[in-house]
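Below are the chains, spelled out letter by letter.
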Amino acid sequence: MLRVMARSLVIKTTAGADAPERCSQAFTVAATALAGGVPTSLWLTGESAWFALPGRAAQFELPHSAPLADLLEAILAGGTVTLCTQCAARRGIGPDDVIPGVRIAGAAVFVEEALQEGAQALVY
């Protein structure tokens, strides 16, 4: 069991279906941290941007890993999920396209979160 800490976790994933193990690790770590009481923010960038769209996480499969859709649901329920502004624009994704609860924000917000006192940033 994880001990609740006075720290937060900011996870940026650049991997999607193109690198399924890295992608799954990012979502798994985020969901695990939240389950342990750690304030967690997951950033979807690069190919992981597609998982901000309804139904896309359900299409992801990786043997011996938790379903990505379940992990995303858990992260949305207890943490923050952010889609990179530029990544969304490059893929033609707008605010009305994303799953409810997913916000679209840019680098300035990521830097602000990552530099908060007690924050730990991880990139997958």
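Residues numbered from 1 in each chain as written. Predicted model: local features only at pLDDT ≥ 70, side-chain atom pairs only at ≥ 80, totals over all residues. Heavy atoms only, no water.

Visitor: Can you tell me about the pattern of salt bridges, naming the residues and giving the values?
Guide: Per the counting criterion, the structure on display carries two salt bridges. A salt bridge links E47 to R91, with the nearest nitrogen and oxygen atoms 3.0 Å apart. In this pair, E47 sits in the loop between strand 2 (40-44) and helix 2 (68-78) while R91 sits in the loop between helix 3 (85-90) and strand 4 (102-105), placing the two residues 44 residues apart along the sequence. Where R103 meets E113, a salt bridge forms, and the shortest distance between an N and an O atom there is 2.2 Å. Taken together, the residues span a long stretch of sequence, with R103 in strand 4 and E113 in helix 4 (residues 107-114) at a distance of 10 residues. Since its relative accessible area comes to 31%, R103 is described here as partly exposed. Classification of E113 as buried rests on a relative accessible area of 13%. (Salt bridge = Lys/Arg side-chain N within 4 Å of Asp/Glu carboxyl O. Helix = DSSP H or I, 4+ residues; strand = E, 2+ residues; numbered from the N terminus. Buried < 20%, exposed > 50% of the residue type's maximum accessible area, 1.4 Å probe, protein only.)

Visitor: Any chance you could break down helix 1 (residues 20-35) for me, citing the residues and the numbers?
Guide: For helix 1, spanning 16 residues, the distance from its first C-alpha to its last is 22 Å, which sits close to the expected 22 Å at 1.5 Å a residue. Buried residues of helix 1: C23, S24, A26, F27, A30, A31, A33 and L34, and no others. Check the buried side of helix 1 and you find it contacts strand 1 (8-13), strand 2 and helix 2. A positive phi of about 90 degrees marks G37, the residue just after helix 1. (Expected span 1.5 Å × (residues − 1). Contact = heavy atoms within 4.5 Å.)

Visitor: I'd like a description of the side chain of S41, backed by residues and values.
Guide: As for its placement among the helices and strands, S41 is situated in strand 2. Only 3.3 Å separates the side chain of S41 from the side chain of W43, close enough to count as a polar contact. Apart from residues no more than four positions distant in its own chain, S41 is found in contact with L9, V10, I11, T80, T82, R103 and E113. (Polar contact = N/O pair within 3.5 Å; in protein donor to acceptor, adjacent residues only side chain to side chain.)

Visitor: Got a sec to walk through the sheet that holds strand 4? Specific residues and values, please.
Guide: Ordered in space as 4-3-2-1-5, the five strands form an open sheet in which the pairing is parallel. Two strands close off the open sheet at either side, each with one partner strand: strand 4 and strand 5 (119-123). The sheet shows a mean angle of 25 degrees between the axes of neighbouring strands, direction not considered. Inspection of the sheet shows strand 1 paired to strand 5 by five bridges, in the parallel sense. Following the sheet pairing, I11 is matched in strand 5 by L122. On the sheet, helix 1 packs against strand 1, strand 2 and strand 5 and is oriented at approximately 165 degrees with respect to strand 1. (Pairing = 2+ DSSP bridges. Axes fitted to C-alpha atoms, helices over the stretch in contact; angles between N-to-C directions.)

By themselves these figures say nothing about function.
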